[in-house]
Amino acid sequence: EQHEFSDSNIQAALLSLKDVLFDGLVRTNEKIYDLLVLGKSLPQTIGGDTKSFPINFIDWNPETWLKNNVFHVTEEFVVERTASHETRRPDLVLFVNGIPFVVIECKRPDTKEPVAEAVSQNLRNQRDDEIPHLFLFSQLLMGVAKNEASYGTTGTPAKFWAVWKED
């Protein structure tokens with residue numbers, strides 16, 4: 001038998017994701033990662049019996065991934081900078097169920113070291129005075145140009161970003 005979660009439990013789960021206590025960018029990103037992967041266990045009463053059940057933010061099952069998740073991509077995603085009304089605009093942000101999961105900076109291939117520039121821009125945007133709140137949720141960061149790409153995660157120094165390779 002399947003039962004829907006109560007509206008109050010759905011709201012509690014969303015708040016648990018939104019209100020993770022900030023403990024530095026990388027540690028907070030790791031806490032959010034745990035919530036995204038493991039879900040949030042909340043008590044639910046069914047037929048007078050109360051038990052805890054996990055609410056998952058993402059369906060990780062490869063067989064139902066496309067059916068049970070909602071995907072969006074936005075270009076030039078506007079994010080207000082910390083303590084400012086100025087904005088930054090990452091080139092592409094990929095959302096899974098409304099969660100900003102991937103941040104991509106794209107650079108023209110005719111610039112000098114375009115991927116390094118894209119990685120540098122991702123790192124700049126993670127600084128406290130920039131848009132670090134976007135990177136609390138991101139699980140993959142990319143710097144791309146026409147035929148090359150590098151990837152990392154929140155807090156990864158430039159020298160540790162990996163080069164994207166295809167067979």
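Preceding this section is the structure that the text describes.
What counts, and at which threshold
- Residues numbered from 1 in each chain as written.
- Predicted model: local features only at pLDDT ≥ 70, side-chain atom pairs only at ≥ 80, totals over all residues.
- Heavy atoms only, no water.
- Helix = DSSP H or I, 4+ residues; strand = E, 2+ residues; numbered from the N terminus.
- Buried < 20%, exposed > 50% of the residue type's maximum accessible area, 1.4 Å probe, protein only.
- Areas by Shrake-Rupley, 256 points an atom, 1.4 Å probe, with all protein chains shown as cover.
- Lys, Arg positive; Asp, Glu negative; His and termini not counted.
- Charge placed at Lys NZ, Arg CZ, Asp CG, Glu CD.
- 1 Å grid on protein atoms, 1.4 Å probe; cavity = no way out; pocket = protein on both sides within 12 Å on 5 of 7 lines; lining within 4 Å.
- Points joined across faces, edges and corners; volume = space filled by probe spheres on them.
- Nonpolar A, V, L, I, M, F, W, Y, C, P; charged D, E, K, R; others polar.
- Phe/Tyr/Trp six-rings, centres within 6.5 Å; stacked < 30°, edge-to-face > 60°.

### So, the overall build of the chain
Piece 1. Check the secondary structure of the chain and you find five helices and ten strands.
Piece 2. If you line up the chain on its principal axes, its C-alpha atoms span 65 × 45 × 25 Å.
Piece 3. Counting over 167 residues, the chain shows a buried share of 37%.
Piece 4. Accessible surface computed for the chain: about 10700 Å², of which carbon and sulfur atoms make up 54%.
Piece 5. Distance between charge centres in the chain, computed from 17 positive and 25 negative side chains, equals 6 Å.

### Remarks on the environment of Lys159
Piece 1. For Lys159, the position within the fold is in the loop between β9 (148–152) and β10 (162–163).
Piece 2. Spatially, the C-alpha atom of Lys159 lies 9.8 Å from that of Val119, the residues being 40 residues apart in sequence.

### With respect to the layout of surface pockets
Piece 1. Empty space within the largest pocket amounts to approximately 400 Å³.
Piece 2. Every residue lining the largest pocket is listed: Gln2, His3, Glu4, Phe5, Ile10, Ala13, Leu14, Pro54, Ile55, Asn56 and Phe57.
Piece 3. Counting only elements with at least two residues in the lining of the largest pocket, the list comes to α1 (7–18) and β2 (49–55).
Piece 4. Tallying contributions element by element places α1 first for the lining of the largest pocket, with three residues.
Piece 5. Looking at side-chain class alone, the lining of the largest pocket contains seven nonpolar, three polar and one charged residues.

### Comments concerning the packing of aromatic side chains
Piece 1. By the definition in use, this model includes five aromatic pairs.
Piece 2. Ring geometry for Trp60 versus Phe101: centroids 6.1 Å apart, planes at 45 degrees, classification tilted. Separated by 41 residues along the polypeptide, Trp60 in the loop between β2 and α3 (65–68) and Phe101 in strand β7 (residues 99–106) bring together distant segments of the chain.
Piece 3. By relative accessible area, Trp60 is classed as partly exposed at 36%.
Piece 4. Given a relative accessible area of 12%, Phe101 falls into the buried group.
Piece 5. Pairing Phe77 with Phe95 gives two aromatic rings, centres 5.2 Å apart and planes at 75 degrees, and the pair type is edge-to-face. With Phe77 in the loop between β3 (71–75) and β4 (79–80) and Phe95 in strand β6 (residues 92–96), the pair connects residues that are 18 residues apart, well separated along the chain.
Piece 6. Since its relative accessible area comes to 14%, Phe95 is described here as buried.
Piece 7. Through a chain of ring-to-ring contacts, three or more aromatic side chains come together here, namely Trp60, Trp65, Phe71 and Phe101.

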